[in-house]
2 protein chains.
Amino acid sequence: MPRSSPGCSPEMFFADKRRAEMAVRQEGYEHRGIHGSPTTPIGTSVEKTTVSSDSSASSPTPPTGTRPPRPTMLDVARAAGVSLKTVSRVVNGEPGVTAETAQRVADVIGRLGFRRNDSARLLRQGVSTGSIAFILEDVADPFYATLARAVLDVARSHEYLVLAGCSDENPVFEKELAQAFCARRVDGLVIVPAPGGDHRYLVAEMRMGTAVVFADRPATGIDADTILVDNSGGVRAAVQHLLGQGHRRLAYLGDDLRVFTSQERLAGYREALAQAGLPVDERLVFTARPEPEFVRQALTEALAGPEPATALLTGNSRVTILALHQLRARNEQPALVGFDDFESAELLDVTVVAQDPAAIGRAAATLLFDRLAGDSRPIQTVRLPTRLVVRGSSTRRP
Amino acid sequence: MPRSSPGCSPEMFFADKRRAEMAVRQEGYEHRGIHGSPTTPIGTSVEKTTVSSDSSASSPTPPTGTRPPRPTMLDVARAAGVSLKTVSRVVNGEPGVTAETAQRVADVIGRLGFRRNDSARLLRQGVSTGSIAFILEDVADPFYATLARAVLDVARSHEYLVLAGCSDENPVFEKELAQAFCARRVDGLVIVPAPGGDHRYLVAEMRMGTAVVFADRPATGIDADTILVDNSGGVRAAVQHLLGQGHRRLAYLGDDLRVFTSQERLAGYREALAQAGLPVDERLVFTARPEPEFVRQALTEALAGPEPATALLTGNSRVTILALHQLRARNEQPALVGFDDFESAELLDVTVVAQDPAAIGRAAATLLFDRLAGDSRPIQTVRLPTRLVVRGSSTRRP
DNA sequence: ATGAAAGCGCTAACAC
DNA sequence: GTGTTAGCGCTTTCAT
């Protein structure tokens, strides 16, 4: 459990009114200045880092320093010569205030730069914090970035704010984040579970009204609303397509089987072959974390021997791209279908089983808000379809 | 330094006291069901959407419904037969509690599933909300996704939570988000400004202590800390590289000039040509929003006529990819350098001026936390370098 | 070692 | 129309 104290030094603010001269130079945290940050050019450096202090301009005040405390409604009330409640009425557009009183209050609000503290308001109201959170592996990953974007859009349409967190595939981080979010009393959570986790710790939160929807992978140890992709169906379609092109030796290069989606996709491969009455040659099945060396090795084995694979199925876009690199280096061109679309798949003319990450995020967030609105149907598990996008890489004859 | 751990034990019992039935059924929200959501397959549908209600499992309780209210410290105190303050001490690891009292309280905490409300705590403490926010165009864009990821990482190292928002290049959205975040009293804001905005509305917030750092583009109307990329330098390097390859007719295809970075990049193009003593042929300069039709038209003009361009400079990765598509369709191969790296640039063998979005996010967030820690240097403007990554697309002879 | 009371900034429920 | 009082869930101050 992370410490609770916020990241500012204890001596930052002396009590109440007085503001201390904060000659703060924290030693507690790593203090990476701009110059020390890893922003220096690597490789063919073209330019140099420049820091200019243009304090010549219109705002001579340093960014921090002596901060006037934020005015509260009470401050506004006093300055306007009215009661706190009158200010509250004006701020919230409630009736029961004369136009001129309202105007006077509004003036003071503008002059003081008052802005209502929503945290305090929501605490008082108690019903909702108007915020949800999502936790996923890595927002920098295009797939999750798109999923996240969809969650943000749905939240915006409900006028909710969104907290974000990356688990880095680490169930411990995931749990810490989820608990931190719950401590902030988010109304709901969209979680892409890290592999190997156990979500029973969420039962208490859920029972107390925190809505939780899992996305892309199912929860472990609890029953919860879940949005999944039809992984096996997607791979089955890919296999059938390749079989239809006349291929009979299909290699499968997938991600580590500890990942849920990876299991489903491999299962789809086996199912489709079985369905076609074909045996699975285990020498053509490769799964591991998608490192270059793994892909290199797998391709070497798959494309060698007396009965080499004529077609390749890659289990995610990372593997697909690594495979494309390898194939170019080897100057080989087996038929290829990749699971999961990627930015340049069209340009590279690669056939893919496209998922729709935005649809996952949208479905998850929508279900979440349905639950928050009182939807009490039984727990839902939604399977989203994939779409086979046929391009040149799979239509080469064996 | 309080060590918070309200310790949520997995074992959950009912809060045996009152289980208020607040059968909430708010009608206030729009109630879009899963089926109504736009998740139905488009195009070559391969599978169908499936919704299964597996209520057969261990948790027959519907997700929402009768929620026992969250226990407060007072609830814990009563159940443990101690005072509120004693619970507070236990929860925060403060001294002054007997081991056995502490144990008793801890037991009750576990039994009731108590979790401290951090929003309330932070409101009371008043110093910080332990949260920052970022606003950028679109988290789904790989560039911003990476930038966002870096912000999240820095925030995590300070044990801060992060709110996220997308402006969609709309200054009105940006302002609404910024104000909503300020109303929640975030400690700081990282903003990638939407073009055409005016940030003077932030002056009041900044004066009251909200730290703000702008990233990738400068603020308008105010002085503020800003992290920028050396756009013109990057393009200059690209131009020099192409000149070095013997090219003399370089076309420039850039984004809309209302975008700050677009102006800088075009300026770099002009500067580098001037520096080389070459005139700028305005018929080879094209800027507009990166739509396929714009790129098609621009290429038609650039590559036609008696003196066609032999080399192409694209102002961002969107344009680069569109141009690559067009060039393939036309079966033409002018030399090409793209500004901004993209996922498959290596695979496509495209020379790029690489930015480092993670460095931008890191620098912005680091500066933000420096400010929060009391750093009162004058306003900073940081220029991050780019890196010319030379690949095959630019080494073809004219 | 423990607890009572006040109050963070706001809204809800009543006064007047 | 306007103001007063209480209290959200917690921490702080000061008592005992």
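Residues numbered from 1 in each chain as written. Chains lettered and ligands numbered in written order. Predicted model: local features only at pLDDT ≥ 70, side-chain atom pairs only at ≥ 80, totals over all residues. Heavy atoms only, no water.

**Considering the protein's contact with DNA strand C**
Now for step 1: Near DNA strand C you find 25 residues, and of these Met 73 and Arg 124 of chain A together with Thr 86, Thr 98 and Arg 124 of chain B are the closest.
Now for step 2: Of what DNA strand C places within 4 Å of the protein, 63% of the atoms are sugar or phosphate.
Now for step 3: A distance of 2.9 Å separates a phosphate oxygen of DNA strand C from a polar backbone atom of Ser 83 of chain B.
Now for step 4: Here a base nitrogen of DNA strand C sits 3.0 Å away from a polar atom, N or O, in the side chain of Arg 124 of chain B. (Near = heavy atom within 4 Å. Polar contact = N/O pair within 3.5 Å; in protein donor to acceptor, adjacent residues only side chain to side chain.)

**Re the UniProt feature "domain: HTH lacI-type" (unreviewed entry) in chain A**
Now for step 1: Residues annotated in UniProt with the feature "domain: HTH lacI-type" (unreviewed entry) correspond here to residues 71-125 of chain A.
Now for step 2: Counting secondary structure, residues 71-125 of chain A comes out at 69% helix and 0% strand; the distance between its end C-alpha atoms is 21 Å. (UniProt positions renumbered as here; feature names shortened; annotations may be inferred. Helix = DSSP H or I, 4+ residues; strand = E, 2+ residues; numbered from the N terminus.)

**A few points about the protein's contact with DNA strand D**
Now for step 1: Taken together, the neighbourhood of DNA strand D is formed by 25 residues, with Thr 86 and Arg 124 of chain A together with Met 73, Lys 85 and Arg 124 of chain B sitting nearest.
Now for step 2: In the environment of DNA strand D, a phosphate oxygen lies 2.7 Å from a nitrogen or oxygen atom belonging to the backbone of Asn 117 of chain B.
Now for step 3: One nitrogen or oxygen atom from the side chain of Arg 124 of chain B is found 2.5 Å from a base oxygen belonging to DNA strand D.
Now for step 4: Taken together, the elements giving at least two residues each to the surface near DNA strand D come down to helix H2 (84-91) and helix H4 (118-125) of chain A together with helix H2 (84-91) and helix H4 (118-125) of chain B.
Now for step 5: Per element, the largest residue contribution to the surface near DNA strand D is four residues, and it comes from H4 of chain B.
Now for step 6: Of the residues assigned to the surface near DNA strand D, the class counts are seven nonpolar, ten polar and eight charged. (Nonpolar A, V, L, I, M, F, W, Y, C, P; charged D, E, K, R; others polar.)

**Details of the sheet that holds strand E10 (residues 335-339) of chain A**
All names here are of chain A.
Now for step 1: Read from one edge to the other, the open sheet built from six strands follows the order E8-E7-E9-E10-E11-E13, with strand pairing classed as mixed. This sheet does not close on itself; its edge strands, each paired only once, are strand E8 (285-287) and strand E13 (387-389). Across the sheet, the axes of successive neighbouring strands diverge by a mean angle of 15 degrees, strand direction being ignored.
Now for step 2: Bridge analysis of strand E9 (residues 311-314) against E10 gives four bridges, and the strand direction is parallel. Residue pairing across strands places Ala 311 opposite Ala 335, the latter belonging to E10. (Pairing = 2+ DSSP bridges. Axes fitted to C-alpha atoms, helices over the stretch in contact; angles between N-to-C directions.)

**Details of the environment of Gln 103 of chain B**
Now for step 1: Looking at the element boundaries, Gln 103 of chain B is found in helix H3 (residues 99-112).
Now for step 2: The partly exposed category is assigned to Gln 103 of chain B, whose relative accessible area is 45%. (Buried < 20%, exposed > 50% of the residue type's maximum accessible area, 1.4 Å probe, protein only.)

**Here we look at the UniProt feature "domain: HTH cro/C1-type" (unreviewed entry) in chain A**
Now for step 1: The UniProt record annotates "domain: HTH cro/C1-type" (unreviewed entry) at residues 72-119 of chain A.
Now for step 2: In residues 72-119 of chain A, the share of helix is 67% and the share of strand is 0%. The end C-alpha atoms are 13 Å apart.

**Overview of the sheet that holds strand E11 (residues 351-354) of chain B**
Residues and elements named next belong to chain B.
Now for step 1: A sheet is described by the order of its strands in space; here six strands give the open sequence E8-E7-E9-E10-E11-E13, paired in mixed fashion. Each end of this open sheet is capped by a strand with a single partner; those strands are strand E8 (285-287) and strand E13 (387-389). For this sheet, the mean inter-axis angle between neighbouring strands, taken without regard to orientation, is 15 degrees.
Now for step 2: Bridge analysis of strand E7 (residues 250-254) against E8 gives three bridges, and the strand direction is parallel. Note on E8: the bridge partner recorded for Gly 254 is Thr 287.
Now for step 3: The sheet contacts of helix H8 (residues 231-244) involve E7, strand E9 (311-314), strand E10 (335-339), E11 and E13, and relative to E10 the element is tilted by about 170 degrees. (Contact = heavy atoms within 4.5 Å.)

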